[in-house]
There are 2 protein chains.
Amino acid sequence: MSTTTLSKIAKSLGISIATVSKALNDYSDVSEKTKKKVKDLAEILNYKPNSYAQSLRNQESKIIGLIIPEIVHHFFSNIILGVIKEAEKQGYLVITLQSDDSYENEKKQIQLLMDKNVDGILLSLADNTVNYNHVNAIKESGVPVVLYDKITKLIDCHKVVINDQKAAYNATKHLIDIGCKKIAHIRGTLKPQTTIDRFKGYKSALETHQIKFDNSIVFETNSLSSFEDAKKIADEIVLNHKDIDGIFAMTDLLATGVMVRLKELKINIPEDISIIGFSNWFLTEITSPRLSTVDQPGFKMGQVAFGLLLEEINDYKKGAVITYKTTEIPTEIIIRESTK
Amino acid sequence: MSTTTLSKIAKSLGISIATVSKALNDYSDVSEKTKKKVKDLAEILNYKPNSYAQSLRNQESKIIGLIIPEIVHHFFSNIILGVIKEAEKQGYLVITLQSDDSYENEKKQIQLLMDKNVDGILLSLADNTVNYNHVNAIKESGVPVVLYDKITKLIDCHKVVINDQKAAYNATKHLIDIGCKKIAHIRGTLKPQTTIDRFKGYKSALETHQIKFDNSIVFETNSLSSFEDAKKIADEIVLNHKDIDGIFAMTDLLATGVMVRLKELKINIPEDISIIGFSNWFLTEITSPRLSTVDQPGFKMGQVAFGLLLEEINDYKKGAVITYKTTEIPTEIIIRESTK
DNA sequence: AATATCGTCGAAAACGTTTTCGGTGCATAA
DNA sequence: TTATGCACCGAAAACGTTTTCGACGATATT
C-alpha cells in the first residue's frame, strides 16, 4: 500500500514525470488525450501530491501560525474560530499556540513557527511584552505578521483592534442617556492598554456630558476575573456610596459579581442601579436580570485578521509595496434588562 | 538577506555539504575541529534547517492535526489547551479544526490534514457520524489516529474517554448519600452517547440504592444549552412534582437554569432541593449558591490523548506491534453549596 | 613488507515536486 | 525545396536535507 507519486504514474504510462505534472495542473502544452489518461490513472491510484515536496519547491506551506494569550476564554476562543474558519475557506490551515501572556513564551513560540516556515503569523502581544525585536525579526525574515487585539504602535504592520475607548464611551453614554447621574467604574489595574482605554472612554463620556469625574467611585480589582473582588465592591458601594445609580464594569464577570451581591443586599437592578458590562460573554444571557453589555466580536476579528494576513502574503509574493493599515472592528451595545 | 543553507556553509568553508550536515548533527565521523568550525559559522549566519526539506527527507513533519466539535466551549477549549501544551513540550505543533459536529466537515477536514501529511490525528467524532470509512482510511494510510471523548468501538485505535456512566452514577449517589429520596434527571435527547451513558449511570445509582426509577421525573430539553428549557422544567417541578428533593442535570447550564428559576419560586437550594450539574464549568463558581458538579478534566484528557498519539507515532516508526488501549480519565465530584 | 584498523571526509542518491528550455515531428507557407 | 510555425513532449535543474557507502591517508599489527 505504498503511496503513489508522479514518477509512478509516469512510469506506468510510459511518459515523463514532467508531462504528468503538467497534465494534472492543466498546462496548455499537453494534449487533451494525455491529460485524460493521466487524470484517470491518478484518480484510480488515488494520487495526492506530497505536500512536503510542494512546500519545498514552492517555498510555501499554506499553513499560518496563531499565537493567542489564552485559549480558554470566550473572546479569544471566538477569535481562534474566526481565524480557523476563514483560513480553511481560503485553503490555509492554522497552528495555534498559547502564550499565557508571557513574553518568554511568545518569543519561543514565534521561533517555533519560524522554524516550521509558516507563511505568516497572527499575534496578540503578551501583557508583559515591552521589547519588539522578536516580532520585528519575523518581518525581516520576510514573513508577514499581523497584530490583533493587543497591539503596539511600535511595530509597522497590519493591525486589527476594537476601539476600547469608543466602546467604553458608548457604554457610559448609554447609562447617562437613561438618566444615571452618578456612574461608578470597576476595572483592574491600569496596566493593560485595554484597561487604560476603557477607563479613558468612561471619563470622556462623563466630561462630554457635564458629569464631574469622581475618582472615589472608580474601583480597582486585583484581577479582571475576580468575582469575589466585585462582590466586595458592591458592599462598599452600598455602605459608602448610596448615591451611585449606574455602574460600568470592565468585564461581564465583574458586572455579574456586583450585580449578584447588590441583589443580595436588596438593591433593585435596574431600578436602583443600572449595570453594564463588557464583552458579551455567554454568561450575560443567564444572569437575572440579563446583563447589558458591549459586544466584543471575536469571530469577526479573527476573520478580518486572517484576511489581512492573506492579503499581505499575496502582496509579498507579487512584490507589491505594502501600506499598513489598522482596522477597527465595530463594537455594539447590547441593551438587556440590567440598564433602564 | 537570503537564508543560509548547508551548501552555503559548505562552500564558505571549502568542505562538503555532507560534512556540514553531519557536523551539525554531531555525527561521530567528523573531527572536533571541523565540528567547531561548522557550528561557529552556522551560529554566525543564523542557520536554521529548512523544515520543508527535512520533512521531505524524513517523511515526518512534527505536526499533528486536532479535530474538535466546538472550540468555543469550556470543556473542549480545555482539551485543545491540553493537547497543544503537551505537544509543544514534546516538540510538536498542532493544527486545529472545528467540525461543528458535522460528518461532512469531519470528512473534509480529515482529508485536509492527510493532504498536509500530518504525523497523526486526534479526533472526537461528530454526533451525526455513523460511517467510519473516512477514519479507517487514515489508519490504512499509515497515519496514527487516536479518538478522544466521542468515540466508537467500531474503530480499532487508542481511545481516551471519561466514564460518563460512572460519573453520573457518582453524582446521583452523592444526592442519595445526603438523603435525597426523589431524584429528578434533566437531560437532552437520547442521541449522543454521553447523554445515554449519563442517563444509565443515573438509573443504576437509583437501582443499587433501592430507589424506584420514575420516568415521569426524567425531563428532556431540546438542547443541552437551553437555559429557558431548564427554567420551564423548574416550573413543571414546582407545579406537579412537589416531592422532588434532588436534581441531577446533564450540564451545568441546565442545572443553573433550574436553580435560578427554583429560587425565584422561593424554593430553597439546597434545603428543599439539592442540585448537581456536570462539567465544572467556570459558571459553577459564580452561581448562588455555588453549584456542585462533576469535574470533566479536559486539559488532562488533551494531554493524555496527545501522549497516546505520540506513543503510536513512535511505535509505528519502530515497526512495533501496537495493542490499542482505552484510557479512562477519572472524574471527580465537586461538592459545593447546592447539595447538602 | 604486507595487512588490518581507524579517523576523517565526500560523492551521490533519495525524498517528490514544479518549471524552464529545448527538441521533436508535422503541417503550412514561401 | 526550404523555412516558419505549431502542438506536444521530456531532460534536467532546483528546492535543502539526510544517510549510505566508499575512499583516502595514517597508524598499528602481523
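In this report, the structure presented in the accompanying data block is examined. This structure is a prediction, so every number in the text was calculated from the model and none was measured. (Residues numbered from 1 in each chain as written. Chains lettered and ligands numbered in written order. Predicted model: local features only at pLDDT ≥ 70, side-chain atom pairs only at ≥ 80, totals over all residues.)

## Focus: the nonpolar core
Nonpolar side chains in soluble globular proteins tend to end up buried together.
And then number 1: Residues A:Val258 and B:Val258 are the most contacted members of the largest nonpolar core, which totals 171 residues.
And then number 2: Looking at this core, the element that brings in the most residues is helix α5 (residues 74–89) of chain B, giving eight residues.
And then number 3: If sequence neighbours within four positions are ignored, A:Val258 has contacts with A:Ile186, A:Ala230, A:Ile233, A:Ala234, A:Ile247, A:Ala249 and A:Ile275. (Core = buried A, V, L, I, M, F, W, Y, C linked by C-beta atoms within 7 Å. Buried ≥ 20, exposed ≤ 12 C-beta atoms within 10 Å, placed from the backbone. Helix = DSSP H or I, 4+ residues; strand = E, 2+ residues; numbered from the N terminus. Contact = placed C-beta atoms within 7 Å.)

## Observations regarding the packing of helix α1 (residues 6–13) of chain A against helix α2 (residues 17–24) of chain A
Residue and element names in this part refer to chain A.
And then number 1: In the contact formed by α1 and α2, the axes pass within 8 Å of each other and the chain directions differ by 110 degrees. As the angle between them shows, α1 and α2 are arranged roughly perpendicular. On the side of α1, the interface is formed by Leu6, Ser7, Ile9 and Ala10, while α2 contributes Ile17, Val20 and Ser21.
And then number 2: Among the residues forming the contact of α1 with α2, the class breakdown is five nonpolar, two polar and no charged. (Axes fitted to C-alpha atoms, helices over the stretch in contact; angles between N-to-C directions. Parallel < 35°, antiparallel > 145°, perpendicular 65-115°, else oblique. Nonpolar A, V, L, I, M, F, W, Y, C, P; charged D, E, K, R; others polar.)

## Remarks on the interface of chain B and chain A
And then number 1: Contact with chain B, which involves 36 residues of that partner, is made by 36 residues of chain A.
And then number 2: Where the side of chain B that touches chain A is concerned, the elements lending two or more residues are α4 (51–58), α5, β2 (93–98), α6 (103–115) and α11 (252–264) of chain B.
And then number 3: Looking at which element gives the most residues to the side of chain B that touches chain A, the answer is α5(B), with seven residues.
And then number 4: Residues of the side of chain B that touches chain A, tallied by class, amount to 18 nonpolar, twelve polar and six charged.

## Focus: the protein's contact with DNA strand D
And then number 1: Residues in contact with DNA strand D amount to 27 residues; listed here are only the nearest, A:Ser16, A:Ala18, A:Thr19, B:Leu6 and B:Ala18.
And then number 2: If you list the elements that add at least two residues to the surface near DNA strand D, you get α2 and α4 (51–58) of chain A together with α1 (6–13), α2 (17–24) and α4 of chain B.
And then number 3: At five residues, the largest contribution of residues to the surface near DNA strand D is made by α4(B).
And then number 4: Of the residues belonging to the surface near DNA strand D, the class tally is eleven nonpolar, twelve polar and four charged. (Near = placed C-beta within 6 Å.)

## A look at the sheet that holds strand β7 (residues 218–220) of chain B
Residue and element names in this part refer to chain B.
And then number 1: Taken in spatial order, the four strands of this open sheet run β7-β6-β8-β9, and their pairing is parallel. Either end of the sheet is taken by a strand with one partner, and the two such strands are β7 and β9 (274–276). For this sheet, the mean angle separating the axes of adjacent strands, direction not counted, is 15 degrees.
And then number 2: Pairing analysis gives three bridges linking strand β8 (residues 246–249) to β9, with the strands arranged parallel. Within the sheet, the bridge partner assigned to Gly246 lies in β9 and is Ser274.
And then number 3: Packing of helix α9 (residues 193–208) onto the sheet brings it into contact with β6 (183–187) and β8, and relative to β6 it is tilted by some 175 degrees. (Pairing = 2+ DSSP bridges.)

## A word on the packing of α4(A) against α4(B)
A pair of packed helices is captured by two measures, namely the crossing angle of their axes and the spacing between those axes.
And then number 1: With their axes 8 Å apart at the nearest point, α4(A) and α4(B) run at an angle of 150 degrees to one another. In this structure, α4(A) crosses over α4(B), and the sense of that crossing is left-handed. Across the interface between the two elements, A:Tyr52, A:Ala53, A:Ser55 and A:Leu56 from α4(A) touch B:Tyr52, B:Ala53, B:Ser55 and B:Leu56 from α4(B).
And then number 2: Taken together, the residues that form the contact of α4(A) with α4(B) break down as six nonpolar, two polar and no charged. (Left-handed = near helix turned anticlockwise from the far one by under 90°.)

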